[in-house]
Amino acid sequence: MTLRSSLLAVARPLTTAAVAAAVRRGDLAGAVEAFASTPRKTAATYNCLLAGYARAPGRLADARHLFDRIPHPDVVSYNTLLSCHFANGDVDGARRLFSAMPVKDVASWNTMVSGLSKNGALEEAKAVFMAMPVRNAVSWNAMVAALACSGDMGAAEEWFRNAPGKEDAVLWTAMVSGYMDAGNVQKAMEFFEAMPMRNLVSWNAVVAGYVKNSHAGHALRVFKTMVEDAVVQPNASTLSSVLLGCSNLSSLGFGRQIHQWCMKLPLSRSVTVGTSLVSMYCKCGNLDDACKLFDEMHTKDIVAWNAMISGYAQHGNGGKAIKLFEKTKDEGVVPNWITFVAVLTACIHTGLCDFGIQIFQTMQEVYGIEPRVDHYSCMVDLLCRAGQLERAVDMMRSMPFEPHPSAYGTLLAACRVYKNLEFAEFAAGKLIEQHPQSAGAYVQLANIYAVANRWADVSRVRRWMKDNVVVKTPGYSWIEIKGIRHEFRSNDRLHPQLHLIHEKLDKLEELMKAMGYVPDLDFALHDVEESLKVQMLMRHSEKLAIAFGLISSPPGTTLRIFKNLRVCGDCHNAAKLITKIEDREIILRDTTRFHNFRGGHCSCGDYW
Ligand code: ZN
Ligand code: ZN
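Everything quoted here is computed from the prediction, not taken from an experiment.

**Student:** Just checking my understanding: could you explain the overall build of the protein chain for this structure?
**Tutor:** Across its full length, the protein chain holds 33 helices and six strands. Each principal axis of the C-alpha atoms in the protein chain carries an extent, and together these give about 90 × 55 × 55 Å. Per-residue burial over the protein chain gives 50% buried out of 608 residues. Across the protein chain, contacts joining residues at least 24 apart in sequence account for 60% of those joining residues at least 6 apart.

**Student:** Would you mind showing me how to read the environment of L382 here?
**Tutor:** As for its placement among the helices and strands, L382 is situated in helix α24 (residues 373–385). Spatially, the C-alpha atoms of L382 and P57 are 36 Å apart, while their sequence positions differ by 325 residues. With sequence-adjacent residues up to four places away left out, L382 is seen in contact with L344, C347, I348, L352, C353, G356 and I357.

**Student:** Which parts of the structure should I look at to understand the pattern of salt bridges?
**Tutor:** Once their charged atoms are close, side chains differing in charge can pair, the charge on each being opposite to the other. The full count for this structure, using the stated rule, is 22 salt bridges. Across the pair D92 and R95 runs a salt bridge, and its minimum N-O distance is 2.7 Å. Here the residue D92 and the residue R95 both occupy positions in helix α7 (residues 91–100), the gap between them amounting to three residues, near one helical turn. The class of D92 is partly exposed, set by a relative accessible area of 46%. Residue classification places R95 among the partly exposed residues on the basis of a relative accessible area of 31%. One salt bridge connects E123 with K126, and the closest N-O pair in it is separated by 3.4 Å. Here the residue E123 and the residue K126 both occupy positions in helix α9 (residues 122–131), the gap between them amounting to three residues, near one helical turn. The class for K126 is partly exposed, based on a relative accessible area of 22%.

**Student:** Sorry if this is basic, but what is going on with the coordination of the zinc ion (ligand 1) here?
**Tutor:** Octahedral metals with six donors have ideal donor angles of 90 or 180 degrees. Tetrahedral metals with four donors have an ideal donor angle of 109.5 degrees. Bound to the zinc ion (ligand 1) on the protein side are H540 (ND1), C568 (SG) and C571 (SG), at distances that span 1.9 to 2.1 Å. Counting along the primary sequence, the residues that act as donors to the zinc ion (ligand 1) give the motif H-x27-C-x2-C. The exposure classification of C568 matches that of C571, with both residues buried.

**Student:** What should I look at first to understand the sheet that holds strand β3 (residues 559–563) in this one?
**Tutor:** Strands belonging to one sheet form pairs held by backbone hydrogen bonds; the direction of such a pair is parallel or antiparallel. Spatial strand order, β2-β1-β3-β4-β5-β6: six strands in an open sheet with mixed pairing. With one partner strand each, in any of the chains shown, β2 (484–489) and β6 (601–602) form the two edges of the open sheet. Each of β1 (476–481), β2, β3 and β4 (586–589) touches helix α32 (residues 541–551); the most contacted strand, β1, lies at about 15° to it.

**Student:** Explain the pairing of strand β5 (residues 594–598) here, please?
**Tutor:** Among the five residues in β5, four count as buried, and that is most of the element. Taking the residues that link successive antiparallel strands as the turn, the β4-β5 hairpin has four residues. Relative to β6, β5 runs antiparallel, the two being bridged by two bridges. Among the inter-strand pairings, R598 is bridged to a residue of β6, identified as H601. Connecting β5 to the next strand, β6, in antiparallel fashion are two residues, including G599 with a positive phi near 50°.

**Student:** What should I look at first to understand the environment of Y376 in this one?
**Tutor:** With respect to the helices and strands, the residue Y376 is situated in helix α24. Taking the relative accessible area as the measure of exposure, Y376 reaches 13% and is therefore buried. Residues Y376 and A392, 16 residues apart in the sequence, show an inter-C-alpha distance of 9.5 Å. Ignoring anything within four residues of it in the chain, the contact list for Y376 reads F360, P371, M395, M399, P400 and F401.

**Student:** Sorry if this is basic, but what is going on with the packing of aromatic side chains here?
**Tutor:** For any pair of aromatic rings, the description rests on two quantities: the centre-to-centre distance and the angle between the ring planes. If you walk through the whole model with that rule in mind, you get 22 aromatic pairs. A ring pair is formed by F67 and Y78, whose centres lie 5.1 Å apart and whose planes are at 75°; its orientation type is edge-to-face. Residue F67 is located in helix α5 (residues 60–69), and its partner Y78 is located in helix α6 (residues 75–87); the two are separated by eleven residues in the primary sequence. Comparing F67 with Y78 shows no difference in burial state: the two are buried. Its end group placed over the ring of W337, R372 keeps NZ or CZ at 4.0 Å from the ring centre. Cation over ring: R485 sits above W478, and NZ or CZ is 4.2 Å from the ring centre.

**Student:** Is there a simple way to think about the nonpolar core in this case?
**Tutor:** A general trend in soluble globular proteins is that nonpolar side chains are found buried together. Ranked by size, the top nonpolar core spans 167 residues in total, and within it V176, I258 and V278 carry the most contacts. Contact partners of V278, with chain neighbours within four places excluded, come to A290, L293, F294, M297, A307 and M308. Listed in part, the 30 residues of the second largest apolar core include I479, F488, A575 and I586.

**Student:** Which parts of the structure should I look at to understand the side chain of N286?
**Tutor:** Tracing the sequence through the fold places N286 in the loop between α18 (271–283) and α19 (287–296). With relative accessibility at 8%, the residue N286 sits in the buried group. Apart from the residues lying within four places of it in its own chain, the contact partners of N286 are L252, R256, Y281 and R560.

The rules behind each value
- Residues numbered from 1 in each chain as written.
- Chains lettered and ligands numbered in written order.
- Predicted model: local features only at pLDDT ≥ 70, side-chain atom pairs only at ≥ 80, totals over all residues.
- Heavy atoms only, no water.
- Helix = DSSP H or I, 4+ residues; strand = E, 2+ residues; numbered from the N terminus.
- Buried < 20%, exposed > 50% of the residue type's maximum accessible area, 1.4 Å probe, protein only.
- Contact = heavy atoms within 4.5 Å.
- Salt bridge = Lys/Arg side-chain N within 4 Å of Asp/Glu carboxyl O.
- Donors = N, O, S within 2.8 Å, 3.2 Å for Na, K, Ca; no water.
- Pairing = 2+ DSSP bridges.
- Axes fitted to C-alpha atoms, helices over the stretch in contact; angles between N-to-C directions.
- Phe/Tyr/Trp six-rings, centres within 6.5 Å; stacked < 30°, edge-to-face > 60°.
- Lys NZ or Arg CZ within 6 Å of the ring centre and 35° of its normal.
- Core = buried A, V, L, I, M, F, W, Y, C linked by side-chain atoms within 4.5 Å.

The structure is reproduced here in structure tokens:
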């Protein structure tokens with residue numbers, strides 16, 4: 001017992017209300033203390049603490065022990081213990097308790113229905129529902145939500161139609177979330193529009209659903225409506241979704257607006273919101289603001305630490321990421337598997353192969369964390385960068401699951417650097433097998449053959465592409481200037497300042513050539529004339545966005561460019577030189593990683 005609470009206990013005996021309050025705060029230790037200092041314990045006192053155990057994972061034994069001490073357990077005690085069993089995945093224990101219960105009310109049945117369905121026993125849940133003597137709105141909500149969660153929207157809708165009343169926002173929201181999860185945005189919105197009353201949870205379902213379905217722009221608009229029309233007050237979960245939307249759109253401007261708006265609310269001190277802001281700034285390419293915010297956070301859990309460590313790692317600032325990881329030990333934060341993905345990523349970007357291998361062992365031996373597919377992908381990357389292609393391939397063949405496509409991608413990139421045709425064929429073959437219609441692997445393999453002067457193989461790959469009807473996704477890049485997003489296609493003809501952009505690019509081309517730049521025609525289309533090839537290469541979307549950024553922002557400021565595909569090799573080369581010519585930092589995010597160009601180098605070390 002703490003001094004403060006023991007003084008309180010002397011001054012005024014604690015009551016059931018104090019136990020309940022501590023449980024509501026999520027302060028289980030406080031609840032136990034308050035419970036111990038309550039002199040006359042009723043069944044309600046026991047039930048309150050029991051409810052606390054039901055919310056905390058891994059406390060089933062304590063809950064059982066407490067239950068056995070209740071002099072006269074009532075139906076609420078039984079129901080609470082029942083949900084404890086479900087919360088800990090002990091379905092058998094729940095079944096036994098349910099059949100042994102002396103009295104059951106509608107809440108007992110409802111607990112069985114939702115507990116069974118959440119633990120994957122959907123059919124049994126249905127049977128229990130059918131056997132219920134009386135059903136209320138909660139019973140229907142539980143069943144519809146269970147079906148929607150299982151992805152069977154046809155069945156969910158049928159049950160929804162049969163539900164009586166339908167005035168409950170929970171019931172409707174289950175349908176909205178279900179359709180959003182199933183990727184059917186239109187249906188989800190039909191349900192949302194038709195709702196007789198909406199609450200915060202329904203609004204959150206829409207915002208999160210839009211983000212999940214890559215309609216981040218819509219998510220931001222819905223959020224604006226919520227705030228401007230003061231429909232409902234957003235909570236931490238709304239803000240997390242909408243900030244994730246900003247990250248997906250890489251919209252630093254809107255992210256900043258939300259940040260400013262948050263600062264006016266007590267909510268801004270919550271760990272969840274703080275962490276979402278940190279990762280929004282990281283993903284939008286603004287590491288300085290992320291770091292400042294992280295330092296200012298009052299409390300940090302491992303999720304917050306992970307956001308910052310990954311932020312550094314993804315931006316190629318491996319040293320800082322590793323230092324921050326070391327600091328978790330001093331702060332008494334226990335790293336989890338995500339932390340190790342971030343640290344291994346940091347090792348990759350810093351070229352710390354041996355240290356990475358050591359971390360991989362420490363993770364298993366000291367922290368008892370089983371390596372997941374992401375950890376193996378990092379290890380493959382580390383070994384590839386160290387030129388140990390053979391070891392990388394061995395690891396891919398011996399790992400307990402099918403390697404992630406990105407691991408094959410890394411191997412293929414390494415094969416380009418180390419000119420290893422054998423493994424290139426292996427990696428490209430696997431990638432093409434998984435996505436026969438995506439151009440990336442074919443193009444890379446053809447480039448590797450071309451460098452080795454194996455022209456027959458180059459045309460074989462081209463034919464292969466034709467046979468598989470490979471569609472090239474049109475590439476585009478964008479940059480945000482003064483809050484406005486400017487998008488460029490390759491060979492763009494739409495941007496109003498195209499004339500100035502071309503002028504800038506022509507100047508840059510001259511300066512780059514003086515520095516030894518040779519246009520890399522491997523990345524140009526093959527069926528056009530040589531001079532046209534060079535010209536088209538200079539009009540790639542990445543280069544247009546860079547040139548536009550240079551002429552529309554003050555000297556010395558960092559450019560943040562985004563591309564919907566993997567950055568092309570020639571643009572990568574050009575960007576390196578341009579940072580030197582213009583003395584600017586360029587951050588380019590593509591589908592695989594951040595490229596942080598500075599002083600003629602890229603943080604990826606040319607592996608991507
Ligand atoms: Zn390019
Ligand atoms: Zn790079």
